[in-house]
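Spelled out from the first residue to the last, the chains are:
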Amino acid sequence: MAVTTTAPAAGVWGTIWQGVTRSTSGLIGLCLVLSVLAFAFAGPYFIDPHNPTDTTAIWGPISSEHWLGTNHEGKDTFVQLVLGGREPIWVGVAAALITVAIAVVLGGIAGYVRGRVDHVLLQLTDITMTVPFIVLMLVVASFYRTSSPLMVSFIIGLVTWPFLMRSIRAQVLTLKEREFVEAARLQDLGTARILFVEVLPNMAGYIFINFIIAITNAIYAVVGMYLLGLLPSTADNWGLMIQQAWDNNAFLLPSAAPFLVAPMVMIMLFQIGLVTMTRSLEQALDPRLRDR
Amino acid sequence: MIDPAAPTETGGRSTDPAPDAAGDDPGTAPPVLSLRGARQVFSTPRGDVPAVAGVDLDVRPGQVLCLVGESGCGKTTTARMAAGLAEPAGGEVLYHGTDLRGLDKRARAGFRRSVQYIHQDPYASLNPVRTVQSTLTAGLRRHGLVKDGDQARRAATALLERVDLVPAEDHLDKYPHQMSGGQRQRVAVARALAMDPEVIIADESTSMLDVSIRVSLLNTLGALRDDLGVGFLFITHDLAVAKYFAWDGEIAVMYLGKVVEQGPAPEIVNDPRHPYTRALVSAVCEPDPDLARTKERVRLRGADIPDPTDLPPGCDFHPRCPLYEQGRCDTERPPLVGSRGPRLLACHVVNGAG
Amino acid sequence: MTHPAPADPSSPDGPLLSVRGVDVGYRTGRRTQLTAVHEATFDLYPGQSMALVGESGCGKTTLGLGLLRLLPRTGTVSAGNILFRRKSGDVVDLRGLAEQDLRRFRWNEAAMVFQGAMNAFNPVLRIEEHFLDTFRAHESRTRRRDLLERSAELLAMVRLDPARVLPSYPHELSGGMRQRALIALALALRPQLLILDEPTTALDVLTQRSVVEQLTELRERLRFAMVFITHDLGLAAELADRVGTMYAGRLIETGTTRDIFHRSRHPYTSALISSVPPVVGELAVPEPLTGGPPGIDALPPGCSFAPRCPRVIDGCTTTRPELRLLHARDEGLSHAAACLRSDDTELSTEGATRD
């Protein structure tokens, strides 16, 4: 008789919590993610958001007054850094939510209902996957010069769902054959309920992991778009900071280094945190990896 | 919904004859579920396999009909047809005398709820992310039989007590992985019971459990049969289980998609007449070293089941049969006809001699 | 422990396998370990057939795997000795054997037939490849043709048609044929000991019967000793000379098959036996055993069976009973039980008259 080495925790959230905290790297990842979130969302309450242009202090060095120096307009880099995290993170999370929501609903329906519906939905994924993302963004950006962050996340979400949808469809196809689904049919529970209450919660861990992966992808997409200047923005924003640094040749000025490097470091820390957290989550949720 | 006030007698198998819910003699009560010439064919790359080749069976309230046979004999396919989980390729499945295909939407829903199916593997048949209470009451809530959380909890408690999973309070909020195989199977039975079924079709429902647990689950099922008048179509490969559970009912022995012998359980087990049944009974390993050494064994002429895509002519069993008579058994298929007493038998040799 | 004095395994008429106080544990975390088998002690003499019975989760398979050190990566034999007398006559302790010697030891001296014959074969290799691999791992020089001839002989021994089976892939055989082929493969190098884990569990009655008959026949012919793990008491009654009942990781009763089935002295053994009624005869109403075995990580104090025991007394919940010798016999066939009340006469009354 084989002995189960780890008793599964109660519920999906329990498993997720256990998965993140059981390994050192998962814990470090979680801490990184939480610190970046605290920096970006709680930080603005602890600083003075008034950050005037100061032509006397362009590309100022690191000092006790300006912790990370100043930028090409003489604005304080540190203040910009604190204020600039909210937008890319929000956009990333919202885009990921939209991607996952579309993928889960369409993937679930395609896998469970099969037939014509499945066929049509698969065609739709093919079409969506062939849409060139950057070109679409150029078109959208040229039509709507005042793209709101929500609009951005909406567009990212609308073009990135097909990959996840296909893997969710495949998983629903196998889950559907499981006996507990047949048992639910014997209880006459109805298709919608069986799909959304009986089948999909069994993939909650997998969906959660893909949600995090979608966040990382969306953040890179957003930053990339700012870098290409596709998205004009007035608010402080890590992506915009990098673009401004680029535009003002900051990489040639040693004293401008903090302005270029600081937002990049923040984005990297956040992404590394998410990725390491996901890695240990995957191990916790996949029984084949669990005992390694 | 079951009546929570119904007697929740636990454990011991009632030895009294089953008090029939309808008040008639249980043997002649009209069947709830009948199969008439039901057949099923599976297409495989190597040819069509007649999984079930024309089976007539009746399941009556408060009665047990036990299907016995080796794997691949079509007993599970028969059960799935009877449960409406698979459409027969030929013949018909009757629910209170009406063909399932002829039922209107309402009657179909009635059938769906009153014929319940219990799977073999309690590890696969319970949703791993739902608690016991949520599993048990999903159907009740869906069909408006319970209104609020309080009612649902009371109903779930009554169901668990009915299947002897007590104290029920301890189990209501558990997830399947927190329970043993026997406990899970009881939950699966309770879930079927929530639909207030007339017939429960149990497909090898005790075969994955430890011997020690098996008996007490059978006792629980027996109490449902005796107290609630639930009819059972019970599928098993284990003759000891069939004998114990179907002692007051019938056993039908299947071989390659056909019933070869059918009759009251005590007669089938203690006086098997079809050579296949005799081989089955004699092959059982008895839990008694002396009996094991003295028991008479039927020797078969061949050990392996013939290829189902290429069945021999005549009786399907003739290549293995110790009573094989050339010229008769290998040309003509023996029909399932009444033998002595309340027994059906499909064998040229035994029927010819008897 | 009042166990019979350990026999000397090095003497030629001594035991083939002598298991002394063996603990088997599983690593569950970085520093935590669960002991799944406690202090298993028994002697197996050449040619004997011993059944290990009990409910699932009681440590039967763990002990069986531990004997040949075939445990999964997290498992170890954490205490005791497993002494084995080789064909050459010298005695080795399997616990101290290096991995490389162990590999040579398996198949040659002792072979294991795993539960679920399908998984034991590599699905992409033909049956003949499995036989050739086994032979080649141990004797590299013999020619392919000779080896195939020997494989054919082995298959014929279990009444399989070598011409049909050798070139087949595992999935092309029925469950019974696979199981028989696996037994033939295990016997390829004429081991002295065969360990079988649930050899007939997934098989149909008639197939099971033919496997049982072939095992009996092979044992008479090749005189190997056998330890088989089963939850099917019928199989134990039929195939074993002696039986060991396991509960919660401990051997709680050992004796000859008759001792166990007719004069069992442990309430767990009797409950287990009475829960499977014979098929022939009138309806016997079995006594159901309530509850399940305790988890190995949460053993109750005292006797592990006490919470389910119908004959529990005060002492049971505080004192853990040791295996106590009830009837001494040679060759490891003594009857011993671990129950405070093993002397009470009322336990198995019906069996006493039958012998």
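Above this text is the structure in question.
Summarised in this report is the structure supplied together with it. (Residues numbered from 1 in each chain as written. Chains lettered and ligands numbered in written order. Predicted model: local features only at pLDDT ≥ 70, side-chain atom pairs only at ≥ 80, totals over all residues. Heavy atoms only, no water.)

This brings us to the overall build of chain B. Helix and strand counts for chain B stand at 12 helices and 12 strands. Seen along its three principal axes, the alpha-carbon backbone of chain B occupies a region of about 70 × 55 × 45 Å. By the burial criterion, 58% of the 354 residues in chain B qualify as buried. Residue pairs in contact within chain B that sit at least 24 positions apart in sequence constitute 63% of those at least 6 positions apart. Carbon and sulfur atoms provide 49% of the accessible area of chain B, an area that totals close to 13,600 Å². The positive charge centre, built from 40 side chains, and the negative charge centre, built from 46, are 4 Å apart in chain B. (Helix = DSSP H or I, 4+ residues; strand = E, 2+ residues; numbered from the N terminus. Buried < 20%, exposed > 50% of the residue type's maximum accessible area, 1.4 Å probe, protein only. Contact = heavy atoms within 4.5 Å. Areas by Shrake-Rupley, 256 points an atom, 1.4 Å probe, with all protein chains shown as cover. Lys, Arg positive; Asp, Glu negative; His and termini not counted. Charge placed at Lys NZ, Arg CZ, Asp CG, Glu CD.)

The next point concerns the sheet that holds strand β5 (residues 98-99) of chain B. One key point about sheets: their strands pair by backbone hydrogen bonds, in either a parallel or an antiparallel sense. All names here are of chain B. If you trace the 4 strands from one edge of the open sheet to the other, you get β2-β1-β4-β5, paired in antiparallel fashion. Only two strands of the sheet have a single partner each, and these edge strands are β2 (47-59) and β5. Two strands pair when backbone bridges link them, and strand β1 (residues 33-44) and β2 are joined in this way by 10 bridges, in the antiparallel orientation. The residue bridging L33 from the neighbouring strand is V59, located in β2. (Pairing = 2+ DSSP bridges.)

The next thing to look at is the interface of chain B and chain C. Residue-level contacts link 40 residues of chain B with 42 residues of chain C. Regarding the contact of chain B and chain C, the summed buried area is about 3,700 Å², with carbon and sulfur atoms giving 59% of it. Looking only at chain B, the three residues that lose the most surface to chain C are V211(B), C285(B) and P287(B), adding up to 17% of its buried area. Put simply, chain B and chain C have 3 salt bridges between them. In this structure, R258(C) and D290(B) form a salt bridge, with 2.6 Å as the shortest nitrogen-oxygen distance. Inspection of the chain B/chain C interface yields 15 residue pairs in polar contact (both at pLDDT 80 or more). Taken together, the elements giving at least two residues each to the side of chain B that touches chain C come down to α7 (211-228), α8 (239-245), α9 (265-270), α10 (275-283) and α11 (289-294) of chain B. Each residue belonging to the side of chain B that touches chain C can be placed in one class, and the counts come to 20 nonpolar, 7 polar and 13 charged. (Buried area = accessible area lost by both parts, 1.4 Å probe. Salt bridge = Lys/Arg side-chain N within 4 Å of Asp/Glu carboxyl O. Polar contact = N/O pair within 3.5 Å; in protein donor to acceptor, adjacent residues only side chain to side chain. Nonpolar A, V, L, I, M, F, W, Y, C, P; charged D, E, K, R; others polar.)

Counting 66 residues, the largest nonpolar core has F131(C) and L194(C) as its most contacted members. Among the elements that take part in this core, helix α7 (residues 175-186) of chain C stands out by supplying 7 residues, more than any other. When residues no more than four places from it in sequence are discounted, the contact partners of L194(C) are A111(C), V113(C), A186(C), L187(C), F224(C), A225(C), M226(C) and V227(C). Grouped together as the second largest cluster of nonpolar side chains are 65 residues, L136(B), V187(B), L217(B) and L280(B) included. (Core = buried A, V, L, I, M, F, W, Y, C linked by side-chain atoms within 4.5 Å.)

Residues L227(A), W246(A), F251(A), L252(A) and L253(A) make up a contiguous nonpolar surface patch of about 520 Å² in total accessible area. On the basis of relative accessible area, F251(A) is assigned to the partly exposed category, the value being 45%. (Patch = residues over 30% accessible without salt bridge, like charges linked within 9 Å, V, L, I, M, F, W, Y side chains within 5 Å.)

Okay, α10(B) next. Counting buried positions along α10(B) gives 8 out of 9 residues, so the element sits mostly inside the fold. Among the residues of α10(B), those classed as buried are P275(B), Y276(B), T277(B), A279(B), L280(B), V281(B), S282(B) and A283(B).

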